Amino acid sequence: MTNIQPNDYNHFLIEIKERIRSAQYEAMKAVNKEMIQLYWDIGKQITEKQQASGWGKAVVETLSKDLQKEFPGIQGFGARNIWYMQQFYTEYEGNEILQPLVAEISWTKHLAIMTKCKDIQERQFYILSTKKYGWTKDVLIHKIEAKAFEKYLLGQTNFDKTLPDNIKHQAVLAVKDDYTFDFLGLGEEHSETELEQALIKNIRSFLIEFGTDFTFVGNQYRIELEGEEYFIDLLLYHRKLQCMVAVELKIGKFLPEYKGKMEFYLNILNDKIRLPHENPSIGIIICKSKKRTIVEYALKDSNQPIGIATYSLTTELPESYQELLPDGDEIAKKLNLLMDK
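Just so we're clear, the structure is a prediction, and the values are computed from it rather than from any experiment.

A. Representation of the pattern of salt bridges within the structure. Applying the stated criterion across every chain yields a total of 14 salt bridges. Across the pair Lys176 and Glu209 runs a salt bridge, and its minimum N-O distance is 2.7 Å. Residue Lys176 is found in the loop between α9 (165-174) and β2 (178-180), and its partner Glu209 is found in helix α11 (residues 203-210); the two are separated by 33 residues along the sequence. Across the pair, Glu209 and Lys176 agree in class, each one buried.

B. Representation of the domain arrangement of the chain in the model. Assigned domains within the chain: domain 1 (1-93), domain 2 (96-154) and domain 3 (156-316 + 329-339). When each unit is reduced to the centre of its C-alpha atoms, the spacing between domain 1 and domain 2 is 19 Å. Contacts between the two partners involve 14 residues from domain 1 and, on the opposite side, 14 residues from domain 2. A buried area of about 1,300 Å², summed over both sides, lies between domain 1 and domain 2, and 68% of it is on carbon and sulfur atoms. Where domain 1 touches domain 2, the interface holds 1 salt bridge. Put simply, Arg123 and Glu91 hold a salt bridge, and the shortest N to O gap is 2.8 Å. Inspection of the region where domain 1 meets domain 2 yields 3 residue pairs in polar contact (both at pLDDT 80 or more). Mapped onto the side of domain 1 that touches domain 2, the elements with two or more residues apiece are α1 (6-53) and α3 (79-92). Per-element accounting of the side of domain 1 that touches domain 2 gives the leading share, 7 residues, to α3. The residue inventory of the side of domain 1 that touches domain 2, partitioned by class, reads 8 nonpolar, 3 polar and 3 charged.

C. Examining the layout of surface pockets more closely. If you add up the space inside the second largest pocket, you get close to 520 Å³. Around the second largest pocket, the lining comprises 22 residues; the ones closest to its centre are Gly155, Gln156, Thr157, Asp160 and Lys334. Of all the secondary-structure elements, those providing two or more residues to the lining of the second largest pocket are α7 (148-153), β1 (156-157), α8 (159-162), α9, α13 (292-299) and α15 (328-339). By residue number, the principal contributor to the lining of the second largest pocket is α13, which donates 4 residues. Two domains each donate at least three residues to the lining of the second largest pocket, and these are domain 2 (96-154) and domain 3 (156-316 + 329-339).

D. Expanded view of the side chain of Gln86. Looking at the secondary structure, you find Gln86 in helix α3. Beyond its immediate chain neighbours, meaning those up to four positions away, Gln86 contacts Gly43, Ile46, Thr47 and Gln50.

Thresholds applied
- Residues numbered from 1 in each chain as written.
- Predicted model: local features only at pLDDT ≥ 70, side-chain atom pairs only at ≥ 80, totals over all residues.
- Heavy atoms only, no water.
- Salt bridge = Lys/Arg side-chain N within 4 Å of Asp/Glu carboxyl O.
- Helix = DSSP H or I, 4+ residues; strand = E, 2+ residues; numbered from the N terminus.
- Buried < 20%, exposed > 50% of the residue type's maximum accessible area, 1.4 Å probe, protein only.
- Domains from an automatic or database assignment.
- Contact = heavy atoms within 4.5 Å.
- Buried area = accessible area lost by both parts, 1.4 Å probe.
- Polar contact = N/O pair within 3.5 Å; in protein donor to acceptor, adjacent residues only side chain to side chain.
- Nonpolar A, V, L, I, M, F, W, Y, C, P; charged D, E, K, R; others polar.
- 1 Å grid on protein atoms, 1.4 Å probe; cavity = no way out; pocket = protein on both sides within 12 Å on 5 of 7 lines; lining within 4 Å.
- Points joined across faces, edges and corners; volume = space filled by probe spheres on them.

Take a look at the structure:
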């Protein structure tokens, strides 16, 4: 390595490593796309043969045995998986919402969505979210079981009126209506301090529940004004939104006065803590319960971006939430946000 400066070589090595990782990722995407197309074609041919020639269900078992004999060691040709190929084709073929998305995620993630979700728009949400946020299969299953789709649809924020156009849609996606803290092991009776400390002790699970783009800055984050100290329960940072996120925890129902306190915190963060390149700070008030009409009126005239959410200690979504879900057209509008880059 004569005449090679260490700093120059290290920079060169980093560039080569990134290029290799990029090539590996692109190759993996190409392989996944080809495998999805293969499974789609197999499902299509089986369906067409059964319709045209009257072949019965036995063809799948026979085909599975012959393919495994011809291609020993290659996984994916078991009878159950071939049945899924046919189901995949018959349920997605001709569907103007789902068919364009078939190559966007891996087969195992498609199976998780197809077997656990029956609603078309629900499937669309999880496919788009998995692609956009890079969810692993385990994270995807957790999101489905935690009712992430319903919680997204019910979100209450004023972001559309208070944030710049370039980030407001993405910010809407970053805040849920209800957070599931089933990993805390808390009983129904607990204090705000106990809730906060339990979240800090389980910070990894907490950030997974919030989303992969959130990072933890601190708890009881100190801010000062005119010699007076104030403390924000949790301060996070959202990497893609490039903004601080103040979180206040409340163990009771939402009260309108919580909004004023959050506005106060956000004003200080923006004036004294925010860096020049960062976007306006966002506030999230997480309560044990809320009345949706009271939240709407509380946020109506606010000039600061605030979301009001609830938390639960189990994955069960209250039955009352089901009655509040928007109609199909409104759901479609919300899902279009997932397609924005």
